[in-house]
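Okay, here's what each chain looks like letter by letter:
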Amino acid sequence: DQSALQAYRASVLHFHADPAHHADAYAWHEDGLLLVADGKVVAAGDYQKLSVQLRAELKSELKIQDYRGKIIMPGFIDTHLHYPQTDMIASPAPGLLPWLEKYTFPTERKFGNPAHAKDVATFFIDELLRCGTTTAMVYCTVNPVSVDAFFSASEARNLRMVTGKVLMDRNCPEFLQDTAEGGIRDSEELLKKWHKRGRQLYAITPRFAPTSSNAQLQLAGELAQAYPDAYLQTHAAENIDEVAWVKSLFPESRSYMDVYDKYGMLRPRSMYGHCVWLDNHDRQRMAETQSAIAICPTSNLFLGSGLFDFKGADAAAVPLSLATDVGGGTSFSMLQTMNEAYKVARMATTYLPAMRMFYLATLGGARSMQLEGTIGNFVAGAEADFIVLDPQATPLLARRSERTESLEELLFALALLGDDRAIAATYAAGKLVHSRA
Ligand code: GUN
Ligand code: FE
């Protein structure tokens with residue numbers, strides 16, 4: 001049905017490869033056109049070429065939304081964050097474990113209340129869309145109602161989101177504890193209810209090794225094997241004290257990552273948050289099994305967890321993606337997350353081009369989730385989740401971007417100086433879901 005055709009004119013940028021490994025990794029159409037129908041991408045290309053073709057094909061005049069001066073790119077993909085932690089973002093504590101005790105657990109306690117869960121999920125999703133994030137891998141709490149609340153809020157706006165019930169049967173307050181069997185039973189029920197319902201995807205979500213018994217990790221690994229097309233997410237090797245704790249809890253394991261490996265949790269569609277304190281053997285196992293890393297720079301700096309080793313991860317070719325880790329992370333903005341990722345890389349003498357950062361925040365995330373072709377770029381048939389970036393969003397950004405001399409410099413200025421204000425509009429499945437104006 002041609003009448004359903006939507007057209008957007010702007011500069012268009014998207015990726016088909018990792019710029020770290022391919023000279024020709026992206027498509028850039030300075031005067032570009034994005035064509036969408038029925039929530040899917042029809043084509044992305046040069047305005048002149050596509051519009052001539054279209055005029056020949058269409059009987060009626062095509063109405064084009066004019067975003068000239070701005071940049072259309074795929075929506076950002078944030079591969080690790082916690083919606084229940086929205087209300088405690090920017091809570092100070094000397095490190096991860098005291099922060100969990102003092103703020104996180106008491107905050108998560110409130111998510112047994114469906115009305116509260118709905119209220120926070122709605123605000124959280126609004127904030128993601130304001131920041132240009134259209135897909136996220138999200139943690140709920142141990143409460144099954146917190147999962148229903150999130151998926152319902154996502155489904156109501158037809159977003160492609162991944163989430164799951166946190167599994168946690170030890171080393172946490174009693175009010176947040178499940179049991180090995182009970183937690184898995186609830187997870188399987190939620191998985192059957194929500195996985196692949198519309199655009200929703202389920203993730204089996206053990207919080208991290210210290211809060212699950214061996215029995216619970218065993219069952220989580222078995223559940224993951226029973227549902228290979230479901231997701232699995234957890235935290236790994238984030239902080240020195242946490243790594244030492246895991247060593248004392250699992251003395252039989254070679255490393256932190258080896259705990260997960262023993263339980264069959266390294267697999268495609270698994271997403272490991274942080275991974276600051278891995279060794280080369282861990283990285284090699286992740287690459288072999290197509291297990292992905294969610295790099296969380298704002299959180300790792302905020303909690304003093306450490307500096308992610310980009311060189312080590314790239315040497316082993318581990319699938320990489322970028323994540324905010326709200327509320328350990330300090331911003332919902334993937335642009336601000338790029339800003340801090342760049343500086344973390346610099347501290348270890350790695351140079352992270354803007355082109356690579358935008359790749360990691362779009363196609364890199366999609367690939368890490370085995371969703372290339374569905375989200376993350378503008379191949380024909382992909383879901384039309386896209387954002388309109390405004391290089392004139394603030395006086396400083398406008399002044400700086402007018403003086404850039406290459407696309408790389410322009411993207412770099414957007415990554416370092418940009419935030420939610422640089423997102424002029426966000427579209428999900430071809431529908432406008434946020435507009436700054
Ligand atoms: N490790 C276990 N739980 C958490 C959490 O909620 N946030 C972070 N950053 N690390 C964790
Ligand atoms: Fe986290």
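Residues numbered from 1 in each chain as written. Chains lettered and ligands numbered in written order. Predicted model: local features only at pLDDT ≥ 70, side-chain atom pairs only at ≥ 80, totals over all residues.

Within an unreviewed UniProt entry, the label attached to the chain reads Guanine deaminase, and the organism entered is Collimonas fungivorans. UniProt, in its Sequence similarities (unreviewed entry) section for the chain, records the words "Belongs to the metallo-dependent hydrolases superfamily. ATZ/TRZ family." For the chain, the Function (unreviewed entry) comment in UniProt is given as "Catalyzes the hydrolytic deamination of guanine, producing xanthine and ammonia." (UniProt positions renumbered as here; feature names shortened; annotations may be inferred.)

(A) Seen up close, the site of ligand 1. Taken together, His82, Leu96, Leu100, Thr104, Arg207, Phe208, His235, Glu238, Ser299, Asp325 and Gly328 make up the full set of residues adjacent to ligand 1. Partitioned by chemical class, the residues of the shell around ligand 1 number 3 nonpolar, 5 polar and 3 charged. (Near = placed C-beta within 6 Å. Nonpolar A, V, L, I, M, F, W, Y, C, P; charged D, E, K, R; others polar.)

(B) Quick peek at the nonpolar core. Residues Leu34, Ile72, Val138, Tyr231 and Ile293 are the most contacted members of the largest nonpolar core, which totals 141 residues. Each residue touching isoleucine 72, except ones within four places of it in the same chain, is listed here: Tyr8, Ala10, Val12, Gly32, Leu34, Tyr67, Phe386 and Val388. With 5 residues, the next largest nonpolar core counts Leu96, Trp99, Phe302 and Leu303 among its residues. (Core = buried A, V, L, I, M, F, W, Y, C linked by C-beta atoms within 7 Å. Buried ≥ 20, exposed ≤ 12 C-beta atoms within 10 Å, placed from the backbone. Contact = placed C-beta atoms within 7 Å.)

(C) Structural view of the sheet that holds strand β4 (residues 64–74). Strand order in this open sheet of 7 strands is β3-β2-β1-β4-β14-β15-β16, and the pairing throughout is mixed. Every other strand in the sheet has two partners, leaving β3 (40–46) and β16 (431–435) as the edge strands with one partner each. Averaged over all neighbouring strand pairs, the angle between strand axes comes to 35°, with direction disregarded. Relative to strand β14 (residues 386–389), β4 runs antiparallel, the two being bridged by 4 bridges. Paired with isoleucine 71 across the strands is leucine 389, a residue of β14. (Pairing = 2+ DSSP bridges. Helix = DSSP H or I, 4+ residues; strand = E, 2+ residues; numbered from the N terminus. Axes fitted to C-alpha atoms, helices over the stretch in contact; angles between N-to-C directions.)

(D) Main features of the packing of helix α12 (residues 334–347) against helix α16 (residues 407–417). Contact geometry of α12 with α16 gives a least axis separation of 6 Å together with a crossing angle of 100°. Taken together, the axis directions place α12 and α16 in an arrangement best described as roughly perpendicular. Of the residues in α16, those in contact with Leu335, Met338, Asn339 and Tyr342 of α12 are Leu414, Ala415 and Leu416. The class makeup of the residues in the contact of α12 with α16 is 6 nonpolar, 1 polar and no charged. (Parallel < 35°, antiparallel > 145°, perpendicular 65-115°, else oblique.)

(E) View of unusual backbone geometry. Here the amide bond leading from valine 326 into glycine 327 is cis, since omega sits at 5°, within 30 degrees of zero. Here threonine 349, not a glycine, exhibits a phi torsion of approximately 60°, which is positive. Relative to the elements of secondary structure, threonine 349 occurs in the loop between α12 and α13 (354–360). A tally of 8 C-beta atoms within 10 Å means that threonine 349 is categorised as exposed. At alanine 429, a position not held by glycine, the phi torsion is positive, near 45°. Its location among the elements puts alanine 429 in the loop between β15 (423–428) and β16.

(F) Highlighting the domain arrangement of the chain. Domains assigned within the chain are domain 1 (2–74 + 376–435) and domain 2 (76–352). A separation of 30 Å is found between the C-alpha centroids of domain 1 and domain 2. Every element with two or more residues in the side of domain 1 that touches domain 2 is listed here: α16, β15 and β16. Grouping the amino acids of the side of domain 1 that touches domain 2 by side-chain chemistry returns 10 nonpolar, 4 polar and 5 charged. (Domains from an automatic or database assignment.)

(G) Local environment of the packing of helix α3 (residues 114–130) against helix α4 (residues 144–156). Between α3 and α4, the least distance of the axes is 8 Å, while the angle of their chain directions is 40°. Here α3 is positioned oblique relative to α4, judged by the angle of their axes. In the packing of α3 onto α4, the handedness of the crossing is right-handed. Two secondary-structure elements touch here, α3 through Pro114, Ala117, Lys118, Ala121, Thr122 and Ile125 and α4 through Val145, Ser146, Ala149, Phe150, Ala153 and Ser154. Split into classes, the residues belonging to the contact of α3 with α4 amount to 8 nonpolar, 3 polar and 1 charged. (Left-handed = near helix turned anticlockwise from the far one by under 90°.)

(H) Representation of α12 in the model. End to end, α12 covers 20 Å across 14 residues, agreeing with the expected 20 Å (1.5 Å per residue, within 8%). Extensive coverage of α12 is indicated by the burial of 11 of its 14 residues. Among the residues of α12, those classed as buried are Met334, Leu335, Gln336, Thr337, Met338, Asn339, Glu340, Ala341, Tyr342, Val344 and Ala345. Threonine 349, located one to two residues past α12, shows a positive phi value of around 60°. (Expected span 1.5 Å × (residues − 1).)

(I) Here's a closer look at the pairing of strand β5 (residues 76–82). Burial of β5 is extensive: 7 of the 7 residues sit out of reach of the surface. As paired elements, β5 and strand β6 (residues 133–139) share 5 bridges and run parallel to each other. Bridge pairing in β6 links leucine 81 to valine 138.

(J) The arrangement of the pairing of β6 in detail. Where burial is concerned, most of β6 is hidden: 7 out of the 7 residues are buried. Alignment of β6 against strand β7 (residues 162–164), held across 3 bridges, turns out to be parallel. Across the sheet, residue methionine 137 finds its bridge partner in β7, namely valine 162. Note on the crossover from β6 through α4 to β7: the handedness is right-handed. (Right-handed = clockwise from strand over helix to strand, strands pointing away.)

(K) The arrangement of the UniProt feature "domain: Amidohydrolase-related" (unreviewed entry) in the chain in detail. Sequence positions flagged by UniProt for "domain: Amidohydrolase-related" (unreviewed entry) are, in local numbering, residues 71–433. Annotated as 43% helix and 17% strand, the span residues 71–433 places its first and last C-alpha atoms 17 Å apart.

(L) Examining the environment of alanine 7 more closely. Looking at the element boundaries, alanine 7 is found in strand β1 (residues 6–15). Between the alpha carbons of alanine 7 and proline 173 there is a distance of 53 Å; along the sequence they are 166 residues apart.

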